[in-house]
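Descriptive structure summary
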Amino acid sequence: MEKMSRVTTALGSSSITGRTMFCHLDAPANAISVCRDAAQVVVAGRNIFKIYALEEEQFVEKLNLRVGRKPSLNFSCADVMWHQMEENLLATAATNGAVVTWNLGKPSRNKQDQLFTEHKRTVNKVCFHPTEAYMLLSGSQDGFMKCFDLRKKESVSTFSGQSESVRDVQFSMKDYFTFAASFENGNVQLWDIRRPDRYERMFTAHTGPVFCCDWHPDDRGWLATGGRDKMVKVWDMTTNRAKEIYCVQTIASVARVKWRPEKKFHLATCSMMVDHNIYVWDIRRPFIPFATFEEHKDVTTGIVWRHQHDPHYLLSGSKDSTLYQHMFKDATRPVDKANPEGLCFGLMGDLAFAVNESLVSSDGGRKPYPGGDRRYPFFSFKKPNPTEQFAHVSSALSVFETDLDSSRMDWFVKTAQLYLLSGKPFTELCDHNATVARELKRPQVSTTWTMLRIMFSDPALGPNHSLSKLGGLPLMNSFSMKEMGPESRLERCKGESRQDNIHLEPGNSHISNNNEENEETEGSDGPTEYMFGDAELDDDDLYPLEHDNQTVAEEPVYTLPPEAFQLRHEIIDNPSVPEHLQQDKADSPHVSGNEAEVACLTPIESFSLISISQPLYSPHLHANFFCPIVREMLSHYAERGDVQMAVSVLIVLGEKIRKEIDDLTQEHWYMSYIDLLQRFELWNVSNEVIKLSTCSAITCLNQTSTTLHINCSNCKRPMSNKGWICDRCRQCASACAVCHHVVKGLFVWCQGCSHGGHLEHIMNWLKNNSHCPAGCGHLCEYT
Amino acid sequence: MASSSAPSFTFQANGEDNPRQVSGSGSSCRHLSDSESEICPTTKSLARLCSRDKDERAAALEKLSQKILECLELDRAGSARLSKQTLLHLLRLSRSCPLQEVRIRATELLCIAQEEGIEVPRALASGPSAFIPAKEILIEGLNQDVLIESFLSLGRVDHLTMVMALHPSYLSCFLRIQQALFELDGPLPRDWRHYVSVMAAARHHCSYMVQQHSKAFLEAGGEESWLGGIKHAPVKLRSLHTLNKLLAHRPWLITQQHIQELVCAGAEPRWSLAELIHAVILMAHTHSLCSFVWGCGLNPEPDHIGGYAFHPPSPSHIPRSPYSPAHEDGRQELVDGAVEVEVLMKRMVELQQQQEEEECTQEEMVTRFERERSESIPTAVVRGAPPELVLCLVEEPEFRYEDFAPRGEQSPPIMRAQDYSWEDHGFSLVQRLLPDMGQFLDEEFQVVSNLTYNRMAMHEDVDTYTLRKALWNYIHCLYGIRYDDYDYGSVNVLLERSLKVFVKTMACHPEQTTASTYHAFWRHFRHSEKVHANLIVMGARLQAALLYTLRSITAYIK
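First, a word on scope: everything that follows refers to the structure included in this document. All of these numbers come straight from a predicted model, not from anything done at the bench.

Some thoughts on the sheet that holds strand 1 (residues 21-24) of chain A
Residue and element names in this part refer to chain A. Reading across the sheet, the four strands line up as 1-28-27-26 and stay open at both edges, with antiparallel pairing between neighbours. Edge strands, defined here as strands with exactly one partner in the open sheet, are strand 1 and strand 26 (300-307). Between one strand axis and the next, the sheet turns by 15° as a mean value, whatever way the strands run. Strand direction decides the pairing type here: strand 26 and strand 27 (residues 310-318), joined by six bridges, are antiparallel. Bridge assignment links Trp-305 to a residue of strand 27, and that residue is Leu-314.

Some words on empty space enclosed by the protein
Residues and elements named next belong to chain B. The tally for this structure, following the rule as stated, stands at 15 cavities of 30 Å³ or more. In this structure, the largest cavity is lined by 17 residues; those nearest its centre are Arg-455, Thr-464, Trp-522, Glu-529 and His-532. Elements that contribute at least two residues to the lining of the largest cavity include exactly strand 4 (455-456), helix 23 (465-478) and helix 27 (527-557). A class-by-class count of the residues in the lining of the largest cavity yields eight nonpolar, six polar and three charged.

What about the pattern of salt bridges?
Following the criterion strictly, the structure yields 31 salt bridges over all chains and no others. A salt bridge links Arg-121 of chain A to Asp-485 of chain B, with the nearest nitrogen and oxygen atoms 3.2 Å apart. Of this pair, Arg-121 of chain A sits in the loop between strand 9 (112-116) and strand 10 (123-128) while Asp-485 of chain B sits in the loop between strand 6 (481-482) and helix 24 (489-494), placing the two residues on different chains. Here Arg-121 of chain A matches Asp-485 of chain B in class, with each residue buried. Lys-233 of chain A is the salt-bridge partner of Glu-244 of chain A, the closest N and O atoms lying 4.0 Å from each other. One end of the pair, Glu-244 of chain A, is in strand 21 (residues 243-249); the other, Lys-233 of chain A, is in strand 20 (residues 231-236), with eleven residues separating them in the sequence. One network of salt bridges, in which partners are shared, links Arg-46 of chain A together with Arg-416, Asp-419 and Asp-484 of chain B.

Considerations on the nonpolar core
Ranked by size, the top nonpolar core spans 160 residues in total, and within it Tyr-195, Leu-240, Leu-276 and Leu-441 of chain B carry the most contacts. Here this core takes 15 residues from helix 27 of chain B, the largest share from any one element. Those residues in contact with Tyr-195 of chain B, other than ones at most four positions away along the chain, are Phe-217, Trp-226, Leu-227, Gly-229, Ile-230, Ala-233, Leu-237 and Leu-393 of chain B. One finds Val-445, Val-630, Ile-657 and Tyr-673 of chain A within the second-largest nonpolar core, a separate group that totals 48 residues.

Quick look at the side chain of Thr-20 of chain A
All names here are of chain A. Checked against the element boundaries, Thr-20 lands in the loop between helix 1 (2-15) and strand 1. In terms of polar contacts, Thr-20 uses its side chain to reach the backbone amide nitrogen of Met-327, at 3.1 Å. A polar contact of 2.6 Å, which involves the side chain of Thr-20, links it to the side chain of Asp-330. In contact with Thr-20, not counting residues within four places along its chain, are Glu-295, Gln-325, His-326, Met-327 and Asp-330.

Observations regarding the packing of aromatic side chains
For the coordinates displayed, the defined rule picks out 39 aromatic pairs over all chains. Between Phe-521 of chain B and Trp-522 of chain B the ring centres are 5.6 Å apart and the planes differ by 55°, which places this aromatic pair in the tilted class. Exposure remark for Phe-521 of chain B: the relative accessible area of 0% places this residue in the buried category. Assessed through its relative accessible area of 5%, Trp-522 of chain B is described here as buried. An aromatic cluster is present here, built from Phe-131, Phe-502, Tyr-518, Phe-521, Trp-522 and Phe-525 of chain B joined pairwise through their rings. Seen from the ring of Phe-427 of chain B, Arg-228 of chain A lies directly overhead, with NZ or CZ sitting 3.2 Å from the centre. Taking NZ or CZ as reference, Arg-260 of chain A lies 3.5 Å from the ring centre of Phe-328 of chain A, over its face.

Points about the packing of helix 17 (residues 273-295) of chain B against helix 27 of chain B
Residues and elements named next belong to chain B. Viewed as axis vectors pointing N to C, helix 17 and helix 27 meet at an angle of 155°, and their least axial separation amounts to 9 Å. As the angle between them shows, helix 17 and helix 27 are arranged roughly antiparallel. Handedness of the helix 17/helix 27 crossing: right-handed. The class makeup of the residues in the contact of helix 17 with helix 27 is 17 nonpolar, seven polar and one charged.

Conventions used here
- Residues numbered from 1 in each chain as written.
- Chains lettered and ligands numbered in written order.
- Predicted model: local features only at pLDDT ≥ 70, side-chain atom pairs only at ≥ 80, totals over all residues.
- Heavy atoms only, no water.
- Pairing = 2+ DSSP bridges.
- Helix = DSSP H or I, 4+ residues; strand = E, 2+ residues; numbered from the N terminus.
- Axes fitted to C-alpha atoms, helices over the stretch in contact; angles between N-to-C directions.
- 1 Å grid on protein atoms, 1.4 Å probe; cavity = no way out; pocket = protein on both sides within 12 Å on 5 of 7 lines; lining within 4 Å.
- Points joined across faces, edges and corners; volume = space filled by probe spheres on them.
- Nonpolar A, V, L, I, M, F, W, Y, C, P; charged D, E, K, R; others polar.
- Salt bridge = Lys/Arg side-chain N within 4 Å of Asp/Glu carboxyl O.
- Buried < 20%, exposed > 50% of the residue type's maximum accessible area, 1.4 Å probe, protein only.
- Core = buried A, V, L, I, M, F, W, Y, C linked by side-chain atoms within 4.5 Å.
- Contact = heavy atoms within 4.5 Å.
- Polar contact = N/O pair within 3.5 Å; in protein donor to acceptor, adjacent residues only side chain to side chain.
- Phe/Tyr/Trp six-rings, centres within 6.5 Å; stacked < 30°, edge-to-face > 60°.
- Lys NZ or Arg CZ within 6 Å of the ring centre and 35° of its normal.
- Parallel < 35°, antiparallel > 145°, perpendicular 65-115°, else oblique.
- Left-handed = near helix turned anticlockwise from the far one by under 90°.

What follows is the structure in structure tokens.
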């Protein structure tokens, strides 16, 4: 027999030609099978049972086996197999439990030969013996396998799996008597055809059903199985215990698996749900398919290699009612699309770089990385056999270390921790962040923050301006006069509608910068001033200096205390300004007026003690004007690698800038920043950023797994309700052991006796005591 | 701080008896200012009763009775010192606690309270089920481990659990799936999950399930006003209405479009696939559970509306709550019941032997399927309007089950079980969208279809496979799902007409199940076997509804 098949090989491989082609079937296919000489294919399904001839250019329908006006359920096929020795012999498994054989040599239209209705449930699989002409095996949903001798009217033996439904049966290609059966409960059994009383061995191959199995055509001991758990596993059956030697993780449940002829390590799979592609895997490289066929529009239900010794033709049938012949050379090679180089920065600025070795050696110019001072090349993976189709998969991995000082990331961590992103008025946030940056010796960033404050804090000017316009504020006016340096006073002379209280900083950084825009923005201040006009009129003249514009709008009545509070902030913040401005000299082009500024800042402090709340910053331009500049600036920072700055500014500016930057970019920035933060284990900051972001894709990041399960400390039952009271024992769940009140904040407890309470209380308690405040006698240790 | 929030909490948890509760806690206010533990003398000890530590429990029980006795001493005047809440707790404990000592003590306490002149509530129902005599359930039930476990972890054992406890292996699987659906991490917030269930239960007018989930909904922090009517719920939840309606009554009408409307990019409000599948499973689960509740005639819980009364029932008139299943006494004399069982046994054996020999044509098979499907089973008794509580939660209450294909009409295409099955397709989809849930459901289906005790009525050692299969496939047949490899002739042979009436009523119009339909079938069988039948119907119904929806979702993703 083996000789014969070898003869066919020689014949076959020389004679098979063709191209990638397809034809429409009338109905979804459930299974396909080819005849021995690879010239015809049979397609079977619920409503189809046809034989097609494989011609050079197309499929040609040869025969419709589905005859009769109202075909019986015996034609409704779950599986079909063409005998590999006897070219007129076919067998089908019917969904109603019948096993039918067909003889194409029959002269009548109805080719049905034998009908076995021994199975009680759907038959999932039929399998001819590879060399025996009359031996047929079937596996059914009812949990039985039956072996038929086609010369007899009924089965010769019945094998009971003693477990659930049989999904696949396959005769071994090499062991005459052996067959494998796979089951719905995840087991695979090996049987000797002569011993129907019990299986030879059994092992659990998958969790959930094993949909398919296939013996390796050449290697005696290899069995591939595919299951609902999305795995393909290759088992070595020669040892005492079946050993898993390869495992491929696919993306959907595996419906069929077929070894590729003549290629020891290749197998083809298709899936049962969701995924419509056919993959050919090299089992030694389980991460990415070797080749993919993507033609089908619905799940592929049957795959078969056209000839048992030709690896270049694959036939497939699908639920989308098409039959395809795939040429291997037309397959998509996912690996070609995969990036052959990998690059990754380490946390501390180190760089790892993996690349296909051939690329490195051929291209000498690519290896030096500017910042690198050392290199460790090593080889991760090397194939011994260069004749294999993707033999040369060896990569070099290089690691470049940066020198320690230049790439310290301390600033990043500090900045992340110290930046304020919300919770205060805009100007204060900017000031704060500017200070942070300055203290970390990042003058440019610091300046940027200051500039941002100036650019976008115009509503603050509203009140002052309107007041002066109303003319009812002598005190105010005098303030501004004193406060302002000569430069801004000059500005102020430009026109009556000009904002009065110009701070020096704006003068410095912007006026010099944007002189020509000043005129344009003058008018645009109008709306702002009227917006606050009403509130102003109602109020005492001395108070309208509240600069948080939200509070102005919502709380028309001011009282002194909050104002005083504001003042303090002022004092703290202001001194920072000159310092950083001086630093700016180094990098900033806007040096003019520095002296003036420094000179006039002292008065601000002193005067603000009396009544001025905010440094009366006055942008001369409408905020929108700056948006393009800011956008460029942010992109610049992001591109330079300081995504931290980009995101922080984005958050602090909020609505002011968000519309200017497209969502994808924002999302990208956020993701990068969050990723960095998390790598530095700055969980709190990262969560704050997530919370403050406005991209829906980002905010949902902290929506997963948000449930925290707690037990009541009294009754030790899970707390199911909200609030502080356990609904089972009606006691406060987290009472402080010192004051016996509920702890609604930081709760500290002893790891030994699990008593605890308010952090402060416990700290105080432990100053004088060493025993547990709950009186349990435990010597508590809090560190 | 704590003392001020405690009463409001009790109020919240027991939304249904507001007026009384308010006055109750109000009148006790004068006492509770001094120590907060006296607000409700029992609740804390009640929780401790659920302790896993035996001694702790004993101590709790001791303390509980002391407290209550103390209250009685103090308040000879008989004021509402013992709040209604406490009394109902006691009542519930006395009736349903699986720990015997607790049960006895609670009963004693109630007796004492009554002697002291306090109006004591009594349960209207004589057991968990109106169909099954309490002693059947309690004898087999109450002391089981699974019930004790349920009591210890949930703090109560409800009627549903008690009846299911007739089949402990199923119950433990059921409790797991309940927990996975309602408690574990998932795409929907917890209050929403319960609200979806409330919506689903309302479709079947099942006030038992509505009340159970309403309570849980409030405990999960849900907005009370939503329960006042579906119009108060967010639009996103309301958009489930169509799917809910179809799932409950005619799942075969669910199409790709229905899914698309909820999920597609433009849909507002938009459901994610994971949320949708969670909601679908919740709804299907609740619908089938309603079938079970009606099919077993579950009585309202002692603390449900209609589950208790404060006035002793007059001997002549036993008050019947409109919320509980009808109580017409359907028991008939056991005429030739034994003979029926014999006949059934014989038929099953015959079926198993004959199957190979008897060969029938394709047409014959189709006809048999059609016959079963379209056989007119009168499921007539139309009940009065459902209670207001439920009705306000239903839109389009007139949309009911209609036969899959009434005779003489063009039927929608039947679903072939081989083309879309739970094992091959449904599971993978659920598992992909809602990890682990597929596993839980898979387990449930397996347990319910493999459950057997190898006995039937008075016979032991019977292989009931064919009978169970017939039931399962009959339900699927009613829902238009056909198995190529099943001979529907055997449904006719094995399922007597009265059983069909019951099964069809329960699966398709569960709210019309009556005691007489329950008692009419399998007259010689044990009640536990009837409950088993109920479980099969419930599982089959759940799977059928899920299959149709999942198939539509598959078509949508494609």
